[in-house]
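Report on the structure
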Amino acid sequence: MTKSVANLALLGFCILQVMSLLVSQANGRAFLVFGDSLVDNGNNDFLVTTARADNYPYGIDFPTHLPTGRFSNGLNIPDLISEHLGQASPLPYLSPMLKKDKLLIGANFASAGIGILNDTGIQFLNIIRITKQLEYFEQYKVRVSGLIGEAEMERLVNGALVLITLGGNDFVNNYYLVPFSARSRQFSLPDYVVFIISEYRKVLRKMYDLGARRVLVTGTGPMGCVPAELAQRSRNGECSTELQRAASLFNPQLVQMINDLNNEVGSSAFIAANTQQMHMDFISDPQAYGFVTSKMACCGQGPYNGIGLCTALSNLCPNRDLFAFWDPFHPSEKASRIIARQILTGSPEYMHPMNLSTILTLDSMT
């Protein structure tokens, strides 16, 4: 055997070894995240946008104690699900660190400010709308295929756990953003809900067509009860009836749409998470969950600390674990842990048709 042939044989062997190692790493479960600020873990840091969480005191309770782009004092819901899966959180898709074996853990495509509709969040300038997130998903598949081959990529994507969180901004940052908004002049609230549910169905069907087979779909939280809305709309700390009505119309129709989609595809591909009820448990009785308040944000200013952004100049509570809300819109890490626990082990009231622990058990048997 000549030296050049031997070198080629050695190179081929090394490539096979690397491919084998990557395929074995892909045998873990990838985690793919889509949606808005409730699940964004840093994509908006790479964009020219006002919807960002890259300043102190965001991240004050994160392991590094530094802002990460998460709209939290610490970990968010995708982090806590990853923690349960026993693996690192998927990196933001726009992060230059997301390459090689990191791609096999999954990716987070979420972007603060977006909604189901592409005209939601236009005031935030450059954000990754859901149509673009799905384009990035297709791009992600090509990148993974280049690492482990087409067949293994399909297996990884089909076996991935997917989380999508959308809908809240379509009300807060669109329909109710200003009095007499364009969408509120176009649609009555019930008709608007029907419209955005029909648009959401197209998004979920596209995800399925791209290979997603286990998709956790969260409903909207109790939008009328967040500190931002209490500051603007509440006289005595009561939740905004109009935004609560929006949530009560949207969430049941989301569950029905998910049931219809599952019937269409012939499997329980889509799982509905009743995040409205998960939030209402601790909003209605904060003391039962160890909170001193569910009305006032830890970080903010004005009534209920609900006005404007959370910045270094804002009021800041000394103990974040005592507050259900971290900033005017987003739960604290402790509140997110309560939500994540219900996603994992919640009864059918919270997770339909099954919780995440059941999914993981079922999938481990196939």
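Throughout what follows, the structure given in this document is the object of discussion. If you're wondering where the values come from, they're calculated on a predicted model, not measured in any experiment. (Residues numbered from 1 in each chain as written. Predicted model: local features only at pLDDT ≥ 70, side-chain atom pairs only at ≥ 80, totals over all residues. Heavy atoms only, no water.)

1. Let's talk about the state of the cysteines
- All told, the structure shown has 3 disulfides when counted by the stated rule.
- One disulfide bridge connects Cys-298 with Cys-317, the sulfur atoms lying 2.1 Å from each other. The sign of the -100° torsion about the S-S bond sets the Cys-298-Cys-317 disulfide as left-handed. With a gap of 19 residues between them, Cys-298 in the loop between strand S6 (293-297) and strand S7 (299-300) and Cys-317 in the loop between strand S8 (315-316) and strand S9 (323-325) connect regions that are remote in the sequence.
- By relative accessible area, Cys-317 is classed as buried at 6%.
- Indicated for the chain is the disulfide connectivity 1-2, 3-6, 4-5, based on numbering the bonded cysteines in sequence order. (Disulfide = S-S within 2.5 Å. Helix = DSSP H or I, 4+ residues; strand = E, 2+ residues; numbered from the N terminus. Buried < 20%, exposed > 50% of the residue type's maximum accessible area, 1.4 Å probe, protein only.)

2. What about the packing of aromatic side chains?
- For the structure on display, the rule yields 17 aromatic pairs.
- Each ring, one from Phe-34 and one from Phe-137, has its centre 5.5 Å from the other, and the planes form 70°; the classification is edge-to-face. Remark: Phe-137 occurs in helix H3 (residues 130-148) and Phe-34 occurs in strand S1 (residues 31-35); sequence separation between them is 103 residues.
- Classification of Phe-137 as buried rests on a relative accessible area of 0%.
- For the ring pair Tyr-175 and Tyr-176, a centre distance of 5.0 Å and an interplane angle of 75° mean the geometry is edge-to-face. Of the two residues, Tyr-175 and Tyr-176, neither departs from the other in class, the shared state being buried.
- Pairwise contacts between aromatic rings join Phe-171, Tyr-175, Tyr-176, Phe-187, Tyr-192, Phe-195 and Phe-250 into one cluster.
- The positively charged end of Arg-213 is found above the aromatic ring belonging to Tyr-208, 3.7 Å away from the centroid.
- Its guanidinium or amino end placed over the ring of Phe-291, Lys-334 lies 5.0 Å from that ring's centre, counting from NZ or CZ. (Phe/Tyr/Trp six-rings, centres within 6.5 Å; stacked < 30°, edge-to-face > 60°. Lys NZ or Arg CZ within 6 Å of the ring centre and 35° of its normal.)

3. Some thoughts on the side chain of Asn-41
- Structurally, Asn-41 is set in the loop between S1 and helix H2 (77-85).
- The exposure class assigned to Asn-41 is buried, which follows from its relative accessible area of 5%.
- One polar contact links Asn-41 to Asn-108, side chain to side chain, over a distance of 3.3 Å.
- Apart from the residues lying within four places of it in its own chain, the contact partners of Asn-41 are Thr-68, Gly-69, Arg-70, Asn-76, Pro-90, Leu-91, Pro-92 and Asn-108. (Polar contact = N/O pair within 3.5 Å; in protein donor to acceptor, adjacent residues only side chain to side chain. Contact = heavy atoms within 4.5 Å.)

4. Focus: the nonpolar core
- Phe-34, Tyr-140, Ile-164, Phe-171, Tyr-200 and Leu-204 are the most contacted members of the largest nonpolar core, which has 75 residues in total.
- Setting aside its immediate chain neighbours within four residues, Phe-171 contacts Tyr-176, Leu-177, Leu-189, Tyr-192, Val-193, Ile-196, Met-223, Leu-243, Ala-246 and Phe-250.
- Counting residues in hydrophobic clusters, the runner-up holds 31 residues, among them Leu-163, Met-278, Ile-339 and Ile-359. (Core = buried A, V, L, I, M, F, W, Y, C linked by side-chain atoms within 4.5 Å.)

5. Topic: the packing of helix H5 (residues 168-175) against helix H7 (residues 189-209)
- Two numbers describe how H5 lies on H7: the axes approach to 11 Å, and their chain directions differ by 130°. As summarised for this structure, H5 and H7 are arranged oblique, according to the angle between their axes. Of the two possible hands of crossing, H5 and H7 adopt the one that is right-handed. Each of Asp-170, Phe-171, Asn-174 and Tyr-175 in H5 lies in contact with H7, whose residues at this interface are Leu-189, Tyr-192, Val-193 and Ile-196.
- Here the contact of H5 with H7 is composed, by residue class, of 6 nonpolar, 1 polar and 1 charged. (Axes fitted to C-alpha atoms, helices over the stretch in contact; angles between N-to-C directions. Parallel < 35°, antiparallel > 145°, perpendicular 65-115°, else oblique. Left-handed = near helix turned anticlockwise from the far one by under 90°. Nonpolar A, V, L, I, M, F, W, Y, C, P; charged D, E, K, R; others polar.)

As far as function goes, none of this settles anything; it's purely spatial.
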